[in-house]
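Listed here are the chains, written in short residue letters.
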Amino acid sequence: MSADNQKRLAAERALTFVTSGMKLGLGTGSTAAHFVAGLGERVRKGHLDVVGVPTSEATHKLAVQHGVPLTTLDETPELDLTVDGADELDGSLRLVKGGGGALLREKIVAAASARMVVIADASKVVERLGAFPLPIEVIPFGQRATAIAIDKAARKLGLDPVLHLRMGAADAPFRTDSGNLIYDCDLSAIPDPEALADALSGIPGVVEHGLFIGLCSAAVIAGADEIRVMGKD
Ligand SMILES: O=C[C@H](O)[C@H](O)[C@H](O)COP(=O)(O)O
């Protein structure tokens, strides 16, 4: 079975967590896109009556296309459930996110939700986080100084970071939906995600990083032969 089919199956399973009346956070990425499509189908058929807060402009567009009723986090600041993808997750449901550049809004929306469920194909589950370069969103002002501070903070923790400024179209730096830049921080492995998260959060200029710790309560993982739920079903 292709990875995309696994993503779709994980999304379908997560739809069973949704009930009418829920206020939902809608994640970003190829896996979350399956969830938004499935949600739209159920809404159009009259099986579900929900509202969603998109975590990116891309998800906003997709949700509109699929007929998912939308609200904003300002109108609806407390959500029941967020369903989102991940770039990596470990056995403690710690995540690396931001491969698509949406980590800031994704984290704000997840933090405003009573529950966050990750959906992923089995390749995303890892023994130890860090093979996927950690996305770190920074303010454009002083971005080189911020990158040096990130490098120093990681080295203090015994890590050996390699930072790449993410590029977008036409050889210009990638800009997030909030107009910021992203450094992808290649660390090979992150032995102590909590310590790194704390260190990064203390750097002026870092808006947010892609380590999601203590936010996800369950993950639906679709493999070649089975779908399993990690954490609270
Ligand atoms: O910024 C993007 C998000 O964190 C995505 O949820 C993450 O990159 C996973 O995306 P995908 O489902 O496409 O692998």
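Owing to the predicted nature of the structure, the values given are computational and were not obtained by experimental measurement.

A. Broad picture of the packing of helix α2 (residues 30-44) against helix α3 (residues 57-66). Two elements in contact, α2 and α3, have axes separated by 8 Å at closest approach and are oriented at 25°. What the angle tells us is that α2 and α3 run roughly parallel. Of the two possible hands of crossing, α2 and α3 adopt the one that is right-handed. Between α2 and α3, the contacting residues are A32, A33, V36, A37 and G40 on the first element and T59, L62, A63 and H66 on the second.

B. Structural detail: the sheet that holds strand β4 (residues 88-89). If you walk across this open sheet you meet the three strands as β4-β5-β11, and the pairing is antiparallel. Two strands bound the open sheet, and with one partner strand each, they are β4 and β11 (211-212).

C. Structural detail: the sheet that holds strand β1 (residues 23-26). Taken in spatial order, the six strands line up as β2-β1-β3-β6-β12-β13 in an open sheet, and their pairing is mixed. The open sheet terminates on both sides in strands that have one partner only, identified here as β2 (51-54) and β13 (227-231). Sheet twist, expressed as the average angle between the axes of neighbouring strands with direction ignored, equals 20°. Two elements, strand β6 (residues 113-121) and strand β12 (residues 218-222), share five bridges in a ladder whose sense is parallel. Paired with I119 across the bridge in β12 is V220. Packed on one face of the sheet, helix α4 (residues 103-111) meets β1, β2, β3 (79-84) and β6 and runs near 145° to β3.

D. Just the domain arrangement of the protein chain, in detail. If you check the domain split of the protein chain, you get domain 1 (3-125 + 213-225) and domain 2 (134-207). In this structure, domain 1 and domain 2 have C-alpha centres spaced 25 Å apart. At the junction of the two partners, domain 1 supplies 12 residues and domain 2 supplies 12 residues. Sorting elements by how many residues they give to the side of domain 1 that touches domain 2 places α4 first, with three residues. When the residues that make up the side of domain 1 that touches domain 2 are grouped by side-chain class, the tally is five nonpolar, four polar and three charged.

E. Inspection of the site of the ligand at higher detail. Every one of the 18 residues lining the ligand counts as a neighbour, but G29, T31, G85, G99 and G100 are closest to it. For the shell around the ligand, the secondary structure elements donating two or more residues are α2 and α4. With three residues, the single largest contributor to the shell around the ligand is α2.

F. A look at the packing of helix α1 (residues 3-14) against α2. As a packed pair, α1 and α2 sit with axes 8 Å apart at the nearest point and diverge in direction by 45°. It follows from the interaxial angle that α1 and α2 lie oblique. Between α1 and α2 the crossing geometry is right-handed. Across the interface between the two elements, K7, R8, A10, A11, E12 and A14 of α1 pack against S30, T31, H34, F35 and G38 of α2.

G. Looking closely at the environment of L81. One can find L81 in strand β3. Among the residues examined, L81 registers 19 C-beta atoms within 10 Å and is labelled partly exposed. L81 sits 55 residues away from L26 along the chain, and the two C-alpha atoms are 8.8 Å apart. Among residues more than four places away in sequence, those in contact with L81 are F17, V18, M22, L24, S113, A114, R115 and V117.

About the cut-offs
- Each chain carries its own residue numbering, running from 1 in the written order of its sequence.
- The predicted nature of this model means local features are confined to residues of pLDDT at least 70 and side-chain atom pairs, given and counted, to a pLDDT of 80 or more, with totals for whole chains, interfaces and linings taken over all residues.
- Note on geometry: axes are C-alpha line fits, over the in-contact stretch for helices, and angles between N-to-C directions span 0 to 180 degrees.
- The helix and strand labels rest on DSSP assignments: H or I over at least four residues marks a helix, E over at least two residues marks a strand, and numbering proceeds from the N terminus.
- Orientation labels follow simple angle bins: below 35 degrees gives roughly parallel, above 145 gives roughly antiparallel, 65 to 115 gives roughly perpendicular, and whatever is left gives oblique.
- Should the near helix be turned counterclockwise from the far one by less than a right angle, the crossing is left-handed, whereas a clockwise turn marks it as right-handed.
- Remark: residues whose backbone-derived C-beta atoms lie within 7 Å of one another are considered to be in contact.
- At least two bridges found by DSSP between two strands are what make those strands a pair.
- Each domain's limits were defined by an automated method or a database of domain assignments.
- Ten residues, namely Ala, Val, Leu, Ile, Met, Phe, Trp, Tyr, Cys and Pro, are considered nonpolar, four, namely Asp, Glu, Lys and Arg, are considered charged, and the remaining ones, Gly among them, are considered polar.
- A residue counts as near a molecule or strand when its C-beta atom, positioned from the backbone, falls within 6 Å of it.
- Any residue surrounded by 20 or more other C-beta atoms within 10 Å of its C-beta is treated as buried, while 12 or fewer makes it exposed and the intermediate range makes it partly exposed; C-beta atoms here are placed from the backbone.

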